[in-house]
Amino acid sequence: MEVIEEIEYEGLSPNAGLGVNMAAGALAGITEHAVMFPVDSIKTRMQVFATSPAAVYTGVGNAFTRISSTEGMRALWRGVSSVIMGAGPAHAVHFGAYELVKEAAGGNVEGASNQWIATSLAGASATIASDALMNPFDVIKQRMQLHKSEFRSAVVCARTVYRNEGLGAFYVSYPTTLTMTVPFTAVQFTVYEQLKSLLNPSGVYSPATHIVAGGLAGAVAGAVTTPLDVAKTILQTRGTSHDPEIRHCRGLADAFRIIWQRDGLKGFSRGLAPRVLTFMPSNALCWLSYEFFKAAIRD
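### Thoughts on the overall build of the chain
Thinking step 1. Counting its secondary structure elements, the chain contains 12 helices and zero strands.
Thinking step 2. From first element to last, N terminus to C terminus, the chain shows the α and β order α-α-α-α-α-α-α-α-α-α-α-α.
Thinking step 3. Taking the principal axes of the C-alpha coordinates as reference, the chain spans close to 75 × 35 × 35 Å.
Thinking step 4. Put simply, 76% of the contacts in the chain that link residues at least 6 apart link residues at least 24 apart.
Thinking step 5. When the accessible surface of the chain is totalled, it reaches about 13800 Å², and 65% of it is carbon and sulfur.
Thinking step 6. Averaged over its 24 positive side-chain charges, the chain has a centre that lies 16 Å from the centre of its 23 negative ones.

As structure tokens, then:
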């Protein structure tokens, strides 16, 4: 009688190849961003300094109710096309670079003492590469998410921003984005890998492990980096502001000064709740999807 060997989900080779990791990352990224997009739209609106009382919200529930009732549910999805166009390639680069650097740094060697260092280095390297690709798409997305945005097409938005503000408008927030996402990703990957090892030491197929570890990793990383995200939103939407000070905001230091002067310490936590609400389920879904697609493609 022929014995069919059962291949364990987590028992597969940790270095599945660059192509597999990039394809899995692309599918995971699109899934993650598309599902959680309405909450991300609310986060963006809560972080900007709106001049219209109609665009000031007291919380996630209040924002959802008011936006859906006055602008329609479709307003919460405005800009999703930009995310879908950018998230696939950016996440492919992200996860591909992560696995490549992690393997090169010895992070896949069982029992290695430098696994924490290798994981953090891989996460940071992956972010630098993927953000360079994703940043313009993120600028377009946030311009479309704003209250009374004039844009309904990502292509039209890109052309308008380029014509009026130049190529620099797509990358004015890149240094701030890196300042935020490098520690975010390092924390996220490190917490995820450690929780995964703690919750599933045997390495057997366990979707629940990826959900719990991914969700908690996303919540911690998202909360810690919220102040930087508020600054990034100000920089990326400055071109639509009627406030001269915001329109001439040049970088992270200027953004922090504006936040402090106008809203004090609490200003740095603007959008904290929707940011955590976005990253908990989206990261859980992203890691679950990534690990699933990685195994499925390899099989």
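### Observations concerning helix H4 (residues 80-104)
Thinking step 1. A rise of 1.5 Å per residue sets the reference length of H4, with its 25 residues, at 36 Å; its end C-alpha atoms lie 35 Å apart and thus fit the reference within 8%.
Thinking step 2. Bending of H4 peaks at approximately 35° at the position of Ala 87, with proline Pro 89 no more than four residues after it.
Thinking step 3. Just downstream of H4 lies Gly 106, where phi reads positive at about 85°.

### What about the nonpolar core?
Thinking step 1. Judged by nonpolar contacts, the single largest core of 15 residues is most densely connected at Phe 95, Tyr 98, Phe 189, Tyr 192, Trp 287 and Tyr 290.
Thinking step 2. Of all the elements in the fold, those that place two or more residues in this core are helix H1 (18-35), H4, helix H5 (115-145), helix H7 (174-199), helix H8 (207-224) and helix H12 (272-298).
Thinking step 3. Ranked by size, the runner-up nonpolar core spans 12 residues in total, among them Val 172, Ile 234, Leu 235 and Ala 255.

### Some words on the environment of Leu 198
Thinking step 1. Inspection of the secondary structure assignment puts Leu 198 in helix H7.
Thinking step 2. Among the residues examined, Leu 198 registers a relative accessible area of 64% and is labelled exposed.
Thinking step 3. Separated by 15 residues in sequence, Leu 198 and Ala 213 place their C-alpha atoms 9.4 Å apart.

### Considerations on the packing of aromatic side chains
Thinking step 1. With the rule as written, the count across this model stands at seven aromatic pairs.
Thinking step 2. Relative to Phe 279, the ring of Phe 184 lies with its centre 4.8 Å away and its plane at 45°, an arrangement referred to as tilted. Of this pair, Phe 184 sits in helix H7 while Phe 279 sits in helix H12, and the two are 95 residues apart along the sequence. As far as burial versus exposure is concerned, Phe 184 and Phe 279 are alike and both buried.
Thinking step 3. Among the aromatic residues, ring-to-ring pairing joins Tyr 98, Phe 189, Tyr 192 and Trp 287 into one connected group.
Thinking step 4. Seen from the ring of Phe 49, Arg 262 lies directly overhead, with NZ or CZ sitting 6.0 Å from the centre.
Thinking step 5. The ring of Phe 49 carries Arg 270 above its face, with NZ or CZ at 4.2 Å from the centroid.

### Concerning the confidence of the model for the chain
Thinking step 1. On average, residues of the chain carry a pLDDT of 84, and 90% of them reach 70 or more.
Thinking step 2. Low pLDDT, under 50, characterises residues 1-13; the predicted model gives this stretch 22 contacts beyond four residues in sequence or across chains.

### Observations concerning helix H11 (residues 252-263)
Thinking step 1. The first and last C-alpha atoms of H11 sit 16 Å apart over 12 residues, in line with the 16 Å expected at 1.5 Å per residue.
Thinking step 2. The complete set of buried residues in H11 reads Ala 255, Ile 258, Ile 259 and Asp 263. Along the axis of H11, the buried positions cluster into a sector of 100°, meaning they face one direction only. Facing away from the buried side of H11 by more than 90 degrees, the exposed set consists of Ala 253, Trp 260 and Gln 261.
Thinking step 3. Turning to H11, the residues buried within the fold contact helix H9 (226-236) and helix H10 (244-247).
Thinking step 4. Gly 264 sits one or two residues past H11 and shows a positive phi near 65°.

The rules behind these values
- Residues numbered from 1 in each chain as written.
- Predicted model: local features only at pLDDT ≥ 70, side-chain atom pairs only at ≥ 80, totals over all residues.
- Heavy atoms only, no water.
- Helix = DSSP H or I, 4+ residues; strand = E, 2+ residues; numbered from the N terminus.
- Contact = heavy atoms within 4.5 Å.
- Areas by Shrake-Rupley, 256 points an atom, 1.4 Å probe, with all protein chains shown as cover.
- Lys, Arg positive; Asp, Glu negative; His and termini not counted.
- Charge placed at Lys NZ, Arg CZ, Asp CG, Glu CD.
- Expected span 1.5 Å × (residues − 1).
- Bend = angle between axes of the 7 residues up to and from the residue.
- Core = buried A, V, L, I, M, F, W, Y, C linked by side-chain atoms within 4.5 Å.
- Buried < 20%, exposed > 50% of the residue type's maximum accessible area, 1.4 Å probe, protein only.
- Phe/Tyr/Trp six-rings, centres within 6.5 Å; stacked < 30°, edge-to-face > 60°.
- Lys NZ or Arg CZ within 6 Å of the ring centre and 35° of its normal.
- pLDDT = per-residue confidence, 0-100.
- Arc of directions from axis to C-beta.

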